[in-house]
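# Summary of the model geometry
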Amino acid sequence: MKSLSEQFQSLFEEQPDKAAAIVLAAPESEERDGLLLMMYSEGIGVGKDDTRALSIAEKLYVIPTKWGEYAHLWLGDYYMDSARGDDTDKAIDHYLEIGDINGEAACRLTDIFWNAWSDLDDESERPEVEHTLFYYTQLAAAYNPEYLLQLGYCYATPIGCAKTESKALDCFEQFLRLT
């Protein structure tokens, strides 16, 4: 028997209303909540509804599973959006919760910390920001080869790591091969 997610996935592209009906009729569960979050955030078979999605995400993010991870990512995106949650600190907290295990969150954190680094006025904060920037850039580069350029720049400059020209060149060469 197919799981609820498998049933949803097999129908949502061609019959989104039927996929939504199956999820809405399913007994309450973490999987159902995760699918509801996806449905309300994307408007799949239901009207797009950030209020409902937010309520579901706040319920799910405390659960250390793929659905909790998805909720953290959704909440991070929600709070980063100035037209929706508009709370960068909350967004960062959600991304940090999963940044070590979720490539998308690592990419978002990399972008955030690159912006923070480039706008940094307080030199006393520079070592911590650079260390964090380097850490998430490494994780992002492992997930998305586009970040290899930034990682190479970290090694070449150096930012958050020791200057290592061979590693910088390796990153640049990998980028060229993979993109």
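### Re the overall build of the protein
Looking only at helices and strands, one finds 10 helices and 0 strands in the protein. The helix and strand sequence of the protein, counted from the amino end, reads α-α-α-α-α-α-α-α-α-α. For the C-alpha atoms alone, the extent of the protein along its principal axes is close to 55 × 35 × 25 Å. Taking all contacts inside the protein whose residues are at least 6 apart in sequence as the whole, residues at least 24 apart take part in 43%. Of the roughly 10,000 Å² of accessible surface on the protein, 50% is carried by carbon and sulfur atoms. For the protein, the centre of its 14 positive side-chain charges and the centre of its 34 negative side-chain charges are spaced 7 Å apart.

### So, the packing of helix α2 (residues 16–25) against helix α3 (residues 30–42)
Between α2 and α3, the shortest axis-to-axis distance is 9 Å and the interhelical angle comes to 140°. As summarised for this structure, α2 and α3 are arranged oblique, according to the angle between their axes. Viewed along their axes, α2 and α3 form a crossing whose handedness is left-handed. Contact residues: A20, V23 and L24 in α2; R32, L35, L36, M39 and Y40 in α3. Looking at the contact of α2 with α3 residue by residue, the classes come out as 7 nonpolar, no polar and 1 charged.

### Re the packing of helix α7 (residues 103–118) against helix α9 (residues 148–156)
The N-to-C vectors of α7 and α9 enclose an angle of 40°; their axes lie 12 Å apart at closest approach. If you check the angle between α7 and α9, you find them oblique. The handedness of the crossing between α7 and α9 is left-handed. On α9, the residues touching T110, W114 and W117 of α7 are Q150, Y153 and C154. Looking at the contact of α7 with α9 residue by residue, the class counts come to 4 nonpolar, 2 polar and no charged.

### Here we look at helix α6 (residues 88–98)
Within α6, burial applies to A91, I92, H94, Y95 and I98. Each buried residue of α6 sits inside an arc of 160° when the element is viewed along its axis, so together they form one side. Relative to its buried face, α6 has exposed residues pointing more than 90 degrees away, namely D89 and E97. Packed against the buried residues of α6 are α5 (66–80) and α7.

### Let's talk about the environment of D111
Within the secondary structure layout, D111 lies in helix α7. Separated by 22 residues in sequence, D111 and L133 place their C-alpha atoms 8.7 Å apart.

### Notes on the confidence of the model for the protein
The predicted model of the protein has a mean per-residue pLDDT of 96, with 100% of residues at 70 or higher. In the model of the protein, helix α1 (residues 4–11) stands out as the element of lowest mean pLDDT, 95, in contrast to α9, which has the highest, 98.

About the criteria used
- Residues numbered from 1 in each chain as written.
- Predicted model: local features only at pLDDT ≥ 70, side-chain atom pairs only at ≥ 80, totals over all residues.
- Heavy atoms only, no water.
- Helix = DSSP H or I, 4+ residues; strand = E, 2+ residues; numbered from the N terminus.
- Contact = heavy atoms within 4.5 Å.
- Areas by Shrake-Rupley, 256 points an atom, 1.4 Å probe, with all protein chains shown as cover.
- Lys, Arg positive; Asp, Glu negative; His and termini not counted.
- Charge placed at Lys NZ, Arg CZ, Asp CG, Glu CD.
- Axes fitted to C-alpha atoms, helices over the stretch in contact; angles between N-to-C directions.
- Parallel < 35°, antiparallel > 145°, perpendicular 65-115°, else oblique.
- Left-handed = near helix turned anticlockwise from the far one by under 90°.
- Nonpolar A, V, L, I, M, F, W, Y, C, P; charged D, E, K, R; others polar.
- Buried < 20%, exposed > 50% of the residue type's maximum accessible area, 1.4 Å probe, protein only.
- Arc of directions from axis to C-beta.
- pLDDT = per-residue confidence, 0-100.

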